[in-house]
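Secondary and tertiary structure notes
Read off the chains here:
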Amino acid sequence: MGMVDIHCHILPAVDDGSKSWEMSVEMCRVAVADGTSHIVATPHCNDRYVYDRESHLATLRALRERSGNMLELSLGCDFHFSYENVQDALKHPERYTIADTRYLLVEFSDYTIAPATVNVLGKVCDFGLTPIITHPERNLILQKHPETLLKWIDLGCIVQITANSLTGYWGSTPKKVARWLLKKNAVHVIASDAHAPTGRDPVLSQGRSAAAEICGSEIATALVAGNPQAIVRGEALPYVP
């Protein structure tokens, strides 16, 4: 089974990720060379970048053609957890979820996480969506209070950390928090959150290797293959920590 990357800014010129078709195709090549067989394109959905599902689907189809269908591509979004976004997602979940599933990537502000967040997350879960908390180890607030994630997991949320956080790309604090989460069995998925072919690249293998040193190769593989594969298929996770 190839690896599956559920968080990647691979669509060209739609947000702060890939800047061109050439860059997007090169990101596909880098991912395939690393052993990834499926990428979920996840453009930002926030105050800065308008998320237009139909337009992004058209761009995704074009990327499949330009890349020679070298890997599978699905569409999701990097969903900023704001009041307006949540209200719309509860009315039209299909606009934001990964493919046609009930899984939703959720990104939090670095500057404020409201006390009512736990209640809103609970409402989202009760609605039948599964929030995937993206890169909490890089969030300035959650870095200080990582135990918050344990409560959110109890609600039904799942947690995605960034592969290169484990290798130190983002510095010592994200690396420390990512390792803490793994040791607490509080990680369900490792993804790239790639924005370019180099630097913030679509490489998962190094993160998998770093995770294997902490939780063993079987679990590390589940975090980059089994679990994300289940997510893109809309299935229950085979590995639940």
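Figured I'd write up the structure that's included with this text. (Residues numbered from 1 in each chain as written. Predicted model: local features only at pLDDT ≥ 70, side-chain atom pairs only at ≥ 80, totals over all residues. Heavy atoms only, no water.)

**Section: the overall build of the protein**
Helix and strand content of the protein: nine helices and nine strands. The C-alpha extent of the protein, read off along each of the three principal axes, is 45 × 40 × 30 Å. When each of the 241 residues of the protein is scored for burial, the buried share is 56%. Here the contacts in the protein between residues at least 6 apart in sequence split such that 75% fall between residues at least 24 apart. Accessible surface for the protein amounts to roughly 10500 Å². Of this, 49% is attributable to carbon and sulfur atoms. On the protein, the mean spot of the 22 positive side-chain charges and the mean spot of the 27 negative ones are 4 Å from each other. (Helix = DSSP H or I, 4+ residues; strand = E, 2+ residues; numbered from the N terminus. Buried < 20%, exposed > 50% of the residue type's maximum accessible area, 1.4 Å probe, protein only. Contact = heavy atoms within 4.5 Å. Areas by Shrake-Rupley, 256 points an atom, 1.4 Å probe, with all protein chains shown as cover. Lys, Arg positive; Asp, Glu negative; His and termini not counted. Charge placed at Lys NZ, Arg CZ, Asp CG, Glu CD.)

**Considerations on the pairing of strand S6 (residues 103-107)**
Of all five residues making up S6, five are buried, and the element is well covered by its neighbours. In S6, alternate side chains face the same way, and those of Tyr 103, Leu 105 and Glu 107 on one face and Leu 104 and Val 106 on the other are all buried. Bridging between strand S5 (residues 78-80) and S6 involves two bridges; their strand directions are parallel. Opposite Phe 79, over in S6, you have Val 106 as the bridge partner. Once you follow S5 into helix H3 (residues 83-91) and on to S6, the crossover reads as right-handed. Assessed by its sense of winding, the connection that carries the chain from S6 through helix H4 (residues 117-126) to strand S7 (residues 130-134) is right-handed. (Pairing = 2+ DSSP bridges. Right-handed = clockwise from strand over helix to strand, strands pointing away.)

**Points about the pairing of strand S2 (residues 36-41)**
Extensive coverage of S2 is indicated by the burial of five of its six residues. In this sheet, S2 lies alongside strand S1 (residues 3-8) in parallel orientation, the contact comprising four bridges. Its bridge partner being in S2, Val 4 is matched across the sheet by His 38. Regarding topology, helix H1 (residues 21-34) serves as the crossover connection from S1 to the parallel S2, and that connection is right-handed. Relative to strand S4 (residues 72-75), S2 runs parallel, the two sharing four bridges. Its bridge partner being in S4, Ile 39 is matched across the sheet by Leu 73.

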